[in-house]
Protein chains: 2
Amino acid sequence: MDWRAIVGGNVRRLRQARQMTQEQLAFDADLDLTYVGGIERGKRNPSLLVLARLAKALGVTPADLIRE
Amino acid sequence: MDWRAIVGGNVRRLRQARQMTQEQLAFDADLDLTYVGGIERGKRNPSLLVLARLAKALGVTPADLIRE
DNA sequence: ATGTGACTTTTAGTCCGTA
DNA sequence: TTACGGACTAAAAGTCACA
């Protein structure tokens with residue numbers, strides 16, 4: 001079970017469904033855009049509080065980002 | 001919304017429901033017992049992979065740990 | 001059996017660039 | 001607009017002694 005890839009896929013799917021760019025999402029979540037890209041590609045291991053900021057920016061709960 | 005406290009409460013509740021000590025949970029999740037204690041008290045900001053290890057040791061999904 | 005502070009080591013997360 | 005690398009800084013991971 002590769003949780004980083006699961007979270008990455010969820011973030012990308014939700015972001016694209018909202019017609020947002022990585023840059024816009026990064027701005028809303030107050031994160032670096034290269035870091036958001038890394039998360040979407042499953043290369044990063046984000047902390048709970050980063051997941052919470054991404055979830056808020058996407059209008060979902062943190063749990064939604066970790067759902068398979 | 002204090003996600004660290006929410007996760008901490010969930011971990012503690014699930015652990016106690018299983019009649020496990022912090023030490024037993026720490027062993028199963030391959031973490032230090034003082035670190036598990038810190039998470040339960042909402043003092044730590046665990047990463048996705050640490051949450052996944054705790055969830056596995058508790059027999060739930062990582063999303064269950066972040067549920068309010 | 002758990003809470004806590006003070007640590008050191010490792011990695012998360014930022015900022016710069018190129019393509 | 002995104003991927004990716006290098007160099008950096010902030011914070012998480014992980015450990016310990018003691019209450």
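Refer to the preceding data block for the structure.
None of the values given here were measured: they were computed from a predicted structure.

A. Quick peek at the nonpolar core. Within the largest apolar cluster, 48 residues are counted, with the highest numbers of intra-cluster contacts made by L54 and L65 of chain A together with L54 and L65 of chain B. For L54 of chain A, the residues in contact, after removing those within four places along its chain, are V11, L25, A29, L31, V36, I39 and L65 of chain A.

B. Region of interest: the relation of the copies chain A and chain B. Note on the identical chains: chain A maps onto chain B by a rotation of 180° and an axial translation of 0.1 Å, with an RMSD of 0.1 Å. With respect to symmetry, the two chain copies, as superposed, fit the operation of a two-fold axis. Most of the interface of chain A is mirrored in chain B: 100% of its interface residues are interface residues there too.

C. Region of interest: unusual backbone geometry. Of note in the backbone geometry, D30 of chain A takes a positive phi value of approximately 55° without being a glycine. Relative to the helices and strands, D30 of chain A resides in the loop between α2 (22–29) and α3 (33–40). On the basis of relative accessible area, D30 of chain A is assigned to the exposed category, the value being 60%. With a phi close to 55°, Q19 of chain B is a non-glycine residue in the positive phi region. Tracing the backbone through its elements, the reader meets Q19 of chain B in the loop between α1 (3–17) and α2 (22–29).

D. Summary view of the side chain of N10 of chain A. Residues and elements named next belong to chain A. For N10, the location among the structural elements is in helix α1 (residues 3–17). On the accessibility criterion, N10 (6% relative accessible area) is buried. Engagement of the side chain of N10 in a polar contact is seen with the backbone oxygen of L65, the distance being 2.8 Å. Dropping the residues within four chain positions of it, N10 is found in contact with D64, L65, I66 and R67.

E. Structural context of the interface of chain A and chain B. Opposite the 14 residues of chain A that make contact, chain B presents 14 residues. Here chain A meets chain B over a buried area of about 1400 Å², counting both sides, of which 78% is carbon and sulfur. On the surface where chain A and chain B come into contact, there are zero salt bridges. Viewed at the interface, chain B and chain A are joined by eight residue pairs in polar contact (both at pLDDT 80 or more). If you list the elements that add at least two residues to the side of chain A that touches chain B, you get α1, α4 (48–58) and α5 (62–65) of chain A. Here the side of chain A that touches chain B is composed, by residue class, of ten nonpolar, two polar and two charged.

Reading guide: rules and limits
- Residues numbered from 1 in each chain as written.
- Chains lettered and ligands numbered in written order.
- Predicted model: local features only at pLDDT ≥ 70, side-chain atom pairs only at ≥ 80, totals over all residues.
- Heavy atoms only, no water.
- Core = buried A, V, L, I, M, F, W, Y, C linked by side-chain atoms within 4.5 Å.
- Buried < 20%, exposed > 50% of the residue type's maximum accessible area, 1.4 Å probe, protein only.
- Contact = heavy atoms within 4.5 Å.
- Least-squares fit on C-alpha atoms with pLDDT ≥ 70 in both.
- Helix = DSSP H or I, 4+ residues; strand = E, 2+ residues; numbered from the N terminus.
- Polar contact = N/O pair within 3.5 Å; in protein donor to acceptor, adjacent residues only side chain to side chain.
- Buried area = accessible area lost by both parts, 1.4 Å probe.
- Salt bridge = Lys/Arg side-chain N within 4 Å of Asp/Glu carboxyl O.
- Nonpolar A, V, L, I, M, F, W, Y, C, P; charged D, E, K, R; others polar.

Worth remembering: the numbers are spatial, not functional.
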